[in-house]
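Spelled out, the chains give:
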Amino acid sequence: MTIPPVDLTARLAGRVAVITGGGSGIGLATAKRFAAEGAHVVIGDVDAAAGESAATLVGGRFVRVDVTEETQVNALFDEAASITGTLDIAFNNAGISPPDDDSIETTELPAWERVQDVNLTSVYLCCRAALRHMVPAGRGSIINTASFVAVMGSATSQISYTASKGGVLALSRELGVQYARQGIRVNALCPGPVNTPLLQELFATDPERAERRLVHVPVGRFAEPEELAAAVAFLASDDASFITASTFLVDGGIGSAYVTPL
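Residues numbered from 1 in each chain as written. Predicted model: local features only at pLDDT ≥ 70, side-chain atom pairs only at ≥ 80, totals over all residues. Heavy atoms only, no water.

- Looking up the protein in an unreviewed UniProt entry gives the name 3-oxoacyl-ACP reductase, with the organism given as Agromyces archimandritae.

Below, the structure written as structure tokens:
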């Protein structure tokens, strides 16, 4: 699908934003959107080549980070804050969906733990690191990538992924409430299926699996990364100043569907 051009504002001008998993997919699309709206973008990614490329593309900085390692996460956010002395936006987006995370009957403990570490523990670490800078400043926007599977069940289960995204949603909601009167907003972005390399890889060897999911999306297609980036830019901006602790669904209607259109 071709996304129509958008007349961009400068609503993020001068703000410093960290994006984890910024080397590809939703993270890369968001880095482009943030930069186009005037933000200083710091890309955090475990893939140095992808991260460097993304940072060059948006005129930002790259910090290689394993988001499961606390010291590396702290260094990422400290580097970002050093740009202007503040940290305004944290888009905690890094995540994995490996093939060995399947039904509860076949997913072994190491696979469960790896997904929990990357998808949930990393968000805990990134939120802690961001809040160390945002609390003294009395302002900030944190957006954590959860998923529509955090609010729905699926018979095509990725059990650890689903559980991790439910944890991200609950964590985001609690922080959003806890820090609301300190000028810090925390929201959970809940995408539906998105046309990213992660999804393409997941479905490449199993087209039936993709079709089984696609039929439930009322819009009739998967989202494009740029559509999610637009939602993240909104949540990061002052246009969303009264939105916190939200379950921000960008899912093509799947979360509200019973019977989809023919």
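Here the narrative resumes, following the displayed structure.
Quick look at the pairing of strand 5 (residues 140–145)
1) Next: The buried count for strand 5 comes to 6 of 6 residues, which makes it a mostly enclosed element.
2) Next: Neither face of strand 5 is open: one carries G140, I142 and N144, the other S141, I143 and T145, and all of them are buried.
3) Next: The sheet contact formed by strand 4 (residues 89–92) and strand 5 spans 4 bridges and is parallel. Considered in strand 5, the bridge of I89 is made with S141. (Buried < 20%, exposed > 50% of the residue type's maximum accessible area, 1.4 Å probe, protein only. Helix = DSSP H or I, 4+ residues; strand = E, 2+ residues; numbered from the N terminus. Pairing = 2+ DSSP bridges.)

Structural notes on the packing of helix 4 (residues 109–137) against helix 5 (residues 159–178)
1) Next: Between helix 4 and helix 5, whose axes approach to 8 Å, the crossing angle comes to 15°. The orientation of helix 4 relative to helix 5 falls into the category roughly parallel. Judged by the sense of rotation from one axis to the other, the crossing of helix 4 with helix 5 is right-handed. Across from A111, W112, V115, Q116, N119, L120, V123, Y124 and C127 in helix 4, the residues of helix 5 making contact are I159, S160, Y161, A163, S164, K165, G167, V168, L171 and L175.
2) Next: Of the residues belonging to the contact of helix 4 with helix 5, the class tally is 13 nonpolar, 5 polar and 1 charged. (Axes fitted to C-alpha atoms, helices over the stretch in contact; angles between N-to-C directions. Parallel < 35°, antiparallel > 145°, perpendicular 65-115°, else oblique. Left-handed = near helix turned anticlockwise from the far one by under 90°. Contact = heavy atoms within 4.5 Å. Nonpolar A, V, L, I, M, F, W, Y, C, P; charged D, E, K, R; others polar.)

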